[in-house]
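# Working through the structure, step by step
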Amino acid sequence: MMSSRVDRVADASEVLARAMVDEPFSRWLLPERDEFLEVHYDVFAELIRLAFDEGRVDTWGDPIVGVAVWLRRPAVVPGRRSVASLGGATAFPAHAVERVERLAAVLRDLRERARPDEHAYLDTIAVLPESRRHGIATGLLDMGHAWADDEGLPCALETDTGRNVAFYARRGYAVVAEQPLPGSGLTITSMRHDAEPRERRP
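First, a word on what this report is: a plain description of the structure on this page. Bear in mind that the values here come from a model prediction, so they are computed numbers and not experimental data.

What counts, and where the lines are drawn
- Residues numbered from 1 in each chain as written.
- Predicted model: local features only at pLDDT ≥ 70, side-chain atom pairs only at ≥ 80, totals over all residues.
- Heavy atoms only, no water.
- Salt bridge = Lys/Arg side-chain N within 4 Å of Asp/Glu carboxyl O.
- Buried < 20%, exposed > 50% of the residue type's maximum accessible area, 1.4 Å probe, protein only.
- Helix = DSSP H or I, 4+ residues; strand = E, 2+ residues; numbered from the N terminus.
- Expected span 1.5 Å × (residues − 1).
- Bend = angle between axes of the 7 residues up to and from the residue.
- Contact = heavy atoms within 4.5 Å.
- Phe/Tyr/Trp six-rings, centres within 6.5 Å; stacked < 30°, edge-to-face > 60°.
- Core = buried A, V, L, I, M, F, W, Y, C linked by side-chain atoms within 4.5 Å.
- Pairing = 2+ DSSP bridges.

## A closer look at the pattern of salt bridges
Two side chains of opposite charge can pair, provided their charged atoms sit close to one another. Under the criterion given, the structure shown has 13 salt bridges. Between Arg 8 and Asp 11 there is a salt bridge; the shortest N-O distance is 3.6 Å. The exposure class of Asp 11 is partly exposed, given its relative accessible area of 34%. In this structure, Asp 58 engages Arg 56 in a salt bridge whose closest nitrogen and oxygen atoms are separated by 2.9 Å. Three or more residues are tied together by salt bridges with common partners; here these are Arg 8, Asp 11 and Asp 62.

See the structure below:
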């Protein structure tokens, strides 16, 4: 089952937190698994509510097993919120604040370089581990791409693993910029997917 809007914010937030807890970036940001789950349950809930106003939320399954959160973003506007700033740094425990601010600085720089125009930003997409490799992430992307095409917007995202770069490249994304995340051993990669012209759509 697919849904273009989620009423069950709590369910979708839990799926995002559980699906992302063991990702390399997550282990760097908050190495303690339970702490990551507790903090990000609230962070993702706020992100989903933001997307209701400024973008789109897609879910897959009942119960939900996959979630994609898109934000419609204009050209770079000073002070515009992102997931790194949701709730401010105070949303995170004191020992993680410096890492959150380091991430926010990298994302700001990448945005200015790679996505300064109006675009559909894939802030977060995740599928529970036991439901992966069944085409769910691709299905979620297809829903978001259809929405972005209808709006005439290119899609943009950032990711932090070579596996994810390859996944998105197979689905039409191109690498635009890369930047190391200091002290993490990770590189953040910005990718874009052009809107399909209306005359070429079925």
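So much for the structure itself; the text now carries on.
## With respect to the environment of Gly 152
Checked against the element boundaries, Gly 152 lands in the loop between helix 5 (136-151) and strand 5 (155-159). Exposure remark for Gly 152: the relative accessible area of 48% places this residue in the partly exposed category. Sequence separation between Gly 152 and His 119 is 33 residues; the distance between their C-alpha atoms is 8.7 Å.

## Section: helix 3 (residues 33-54)
A rise of 1.5 Å per residue sets the reference length of helix 3, with its 22 residues, at 32 Å; its end C-alpha atoms lie 30 Å apart and thus fit the reference within 8%. Along its length, helix 3 shows its largest kink, about 30°, at His 40. Turning to helix 3, its buried residues number three or more, namely Phe 36, Val 39, His 40, Val 43, Phe 44, Ala 45, Leu 47, Ile 48, Leu 50, Ala 51 and Phe 52. Among the structural elements, helix 1 (9-20), helix 2 (24-29), strand 2 (55-60), strand 3 (66-73) and strand 4 (119-127) are those in contact with the buried residues of helix 3.

## Focus: the packing of aromatic side chains
Under the definition given, this model contains 4 aromatic pairs. Plain terms: the ring middles of Tyr 168 and Tyr 173 are 5.6 Å apart, the flat faces sit at 65° to each other, and that makes the pair edge-to-face. On the accessibility criterion, Tyr 168 (8% relative accessible area) is buried. Here the aromatic cluster, defined as three or more aromatic residues joined through ring pairs, consists of Phe 167, Tyr 168 and Tyr 173.

## Details of the nonpolar core
In this structure, Ile 48, Val 67, Trp 70, Leu 122, Leu 141, Tyr 168 and Tyr 173 are the most contacted members of the largest nonpolar core, which totals 41 residues. At the level of secondary structure, the elements contributing two or more residues to this core comprise helix 1, helix 3, strand 3, strand 4, helix 5, strand 5 and helix 6 (162-169). Among the elements that take part in this core, helix 3 stands out by supplying 7 residues, more than any other. Core analysis: the second largest hydrophobic core is formed by 20 residues, Phe 25, Val 106, Leu 107 and Ala 114 among them.

## Considerations on the pairing of strand 6 (residues 174-181)
One ladder, built from 7 bridges, connects strand 6 with strand 7 (residues 186-193); its direction is antiparallel. Of the residues in strand 7, the one forming a bridge with Val 175 is Met 191. A loop of 4 residues connects strand 6 with strand 7, the two strands running antiparallel in sequence, and Gly 183 in this loop sits at a positive phi of about 80°.

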